[in-house]
Every structure is written in C-alpha cells, then in structure tokens.
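Residues per chain are reported as follows:
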Amino acid sequence: MPNQRHSGTGDNVTGDQTKIERQIIQGSGSTYIEHAAPEQKFPKELTARIPKTAPDKIVGRDAELDDLHHWLFDNKQVVLVNGMGGISKTTLAQVYTAKYWDEYRHVVWVSQVSQDVINDFVNTEGLLDSLNIRASGIQEAKDLFINIMTGLKKMDDQPNLLITDNADVTLGSIYDYLPQTSCGISW
Ligand SMILES: Nc1ncnc2c1ncn2[C@@H]1O[C@H](COP(=O)(O)OP(=O)(O)O)[C@@H](O)[C@H]1O
Ligand SMILES: [Mg+2]
C-alpha cells in the first residue's frame, strides 16, 4: 500500500509537474515580454563612415602608432595630433583605426567640415540613429550634441574610440562634454 500510494502520488506529481512546467514557461515568457527591459545593442561602428587604411599601405609611422596606442589605449588620454596639412594626421588616424580595430568595442569617426564641430557631430551620418536619438526639427544642435555625448557615455562595454578628424579650435569648447577616461579619444 505504501508503495502504491507513493507510486500514485508520483504519477500525479509527474502529471502536475508537466502542467506547472508549461505554466512556468508561458508565465516566464509573458513576464519577460512585459517587464524585461529590451537589451540595448549598440553597433560597433557608431558612425556610418569610418575610414581605415591598412598599415602596409603607408611608409613608416610605426613609432607614432605605438605612441598613439600607449596614450589612447593604456593611458586613456585625449590625444591631439596637430600640424600643418599634408603631414599625415588623417592617415595616421586611419591606420590606427585599422591596426587596433579588434581592440575596441565601439568606434566613432567625426570629420569636421563646418565652422563648429558641434554641427559635425550632429550631422555625422549614422551617429544619431546608432544611439537611438530622435531629432526633432526644433532642437538646437547643442542639445542634440549633448544627447550624443550622453549616449556615448552610456556605453557600458569598453574600450571605445572617438576620432575627430580635421578638428579646429571649436573642439576646445566641447572638451568637458567628451566621454572621459577616454579616446582621438579612447573611452
Ligand atoms: N606614411 C605615409 N606613407 C605614404 N603616404 C602617406 C603617409 N602619410 C600620408 N601619406 C599621404 O600623404 C597625403 C596627405 O596625408 P594626410 O593624412 O591627408 O595629411 P593631413 O591629414 O595631415 O593633412 C595623403 O595622400 C596620404 O595618402
Ligand atoms: Mg587631414
């Protein structure tokens, strides 16, 4: 009798367990859909255009690339590569990006073409979209720029690389907004 009771109970439990399991699966499915925050996945290439140049396409510059990697990657410094046109500032940034591509989680490339670098951040193809920032027509460029910086600072995977090519003195006015611990900047 004890065996029968045990067996009967076991069968019942087994049957019930199956039901409970289904309920749990359905329940946890609903719970997930209703309550779990959607996982935010940001693309590695946060801007549509990230020019790269293979290291073997240029002559020399190994020492400069090593220095850049040390300053940007190890020290997390903001690095300013300054000098007259044609000395290979842009090329160095492109080769750096290509050479150390696998070491970064997110990369941003902004080229300054306007008179205020804030406009160039806002107008860089893909950046607002990548960060899920919706631009309404009435928004000031400065506000959108701040939204971009806030978005960049929210990246919880690191390290990341932000390059501002062809930047002029207006970059100084946004220095305090840039993601710190950073990148051009590594952050
Ligand atoms: N190390 C290099 N080896 C070969 N060509 C280079 C090298 N650095 C720059 N160049 C070439 O020189 C030109 C100017 O370089 P660029 O990077 O645009 O200079 P900058 O940004 O300082 O004005 C480009 O055509 C580039 O391809
Ligand atoms: Mg240049």
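Scoring rules and cut-offs
- Residues numbered from 1 in each chain as written.
- Chains lettered and ligands numbered in written order.
- Predicted model: local features only at pLDDT ≥ 70, side-chain atom pairs only at ≥ 80, totals over all residues.
- Helix = DSSP H or I, 4+ residues; strand = E, 2+ residues; numbered from the N terminus.
- Buried ≥ 20, exposed ≤ 12 C-beta atoms within 10 Å, placed from the backbone.
- Near = placed C-beta within 6 Å.
- Nonpolar A, V, L, I, M, F, W, Y, C, P; charged D, E, K, R; others polar.
- pLDDT = per-residue confidence, 0-100.
- Contact = placed C-beta atoms within 7 Å.
- Expected span 1.5 Å × (residues − 1).
- Pairing = 2+ DSSP bridges.
- Axes fitted to C-alpha atoms, helices over the stretch in contact; angles between N-to-C directions.
- Parallel < 35°, antiparallel > 145°, perpendicular 65-115°, else oblique.
- Left-handed = near helix turned anticlockwise from the far one by under 90°.

A. Fine view of the overall build of the chain. Regarding its fold elements, the chain presents six helices and two strands. Listed N to C, the secondary structure of the chain is α-α-α-β-α-α-α-β in terms of helices and strands. By residue count, 22% of the 187 residues in the chain fall in the buried class.

B. Representation of the site of ligand 1 within the structure. Lining the immediate environment of ligand 1, one finds I58, V59, G60, R61, G85, G86, I87, S88, K89, T90 and T91. Along the lines of polarity and charge, the residues of the shell around ligand 1 split into three nonpolar, six polar and two charged.

C. Layout of unusual backbone geometry. Of note, the bond from Q158 into P159 is cis; its omega dihedral lies within 30 degrees of zero at 5°. Among the structural elements, P159 can be located in the loop between α6 (141-153) and β2 (160-165). Located in the positive-phi region is N166, a residue other than glycine, with phi close to 65°. Relative to the helices and strands, N166 is located in the segment after β2. A tally of 15 C-beta atoms within 10 Å means that N166 is categorised as partly exposed.

D. Local environment of the confidence of the model for the chain. Predicted confidence across the chain gives a mean pLDDT of 81, with 75% of residues reaching 70 or more. Least confident of the elements in the chain is helix α1 (residues 2-35), whose mean pLDDT is 45; most confident is helix α5 (residues 127-130), at 97.

E. Local environment of helix α3 (residues 89-99). Residues of α3 that are buried: A93, Q94, V95 and Y96. On the buried face of α3, the contacting elements are α2 (62-74) and β2.

F. Broad picture of α2. For α2, built from 13 residues, the straight-helix expectation of 18 Å at 1.5 Å per residue is met to within 8% by its first-to-last C-alpha distance of 17 Å. At the C-terminal side of α2, K76 shows a positive phi close to 55°.

G. The environment of L92, seen in detail. With respect to the helices and strands, L92 occurs in helix α3. Considering only alpha carbons, one finds L92 and D62, 30 residues apart in sequence, at a separation of 9.8 Å. Setting aside anything within four residues of it in sequence, one finds L92 in contact with R61, E64 and V81.

H. Up close: the pairing of strand β1 (residues 106-111). Within β1, five of the six residues are buried, leaving the element largely enclosed by the surrounding structure. Relative to β2, β1 is paired through six bridges, and the arrangement is parallel. Each residue of the ladder has a partner; that of V110, found in β2, is T164.

I. Examining the packing of α2 against α3 more closely. At their nearest, the axes of α2 and α3 sit 10 Å apart, and the two run at 65° to each other. When the axis of α2 is compared with that of α3, the two are roughly perpendicular. As for how α2 packs across α3, the hand of that crossing is right-handed. For the pair α2 and α3, the contacting residues are E64, L65 and L68 in the first and L92, V95, Y96 and K99 in the second. Residue composition of the contact of α2 with α3, by class: five nonpolar, no polar and two charged.

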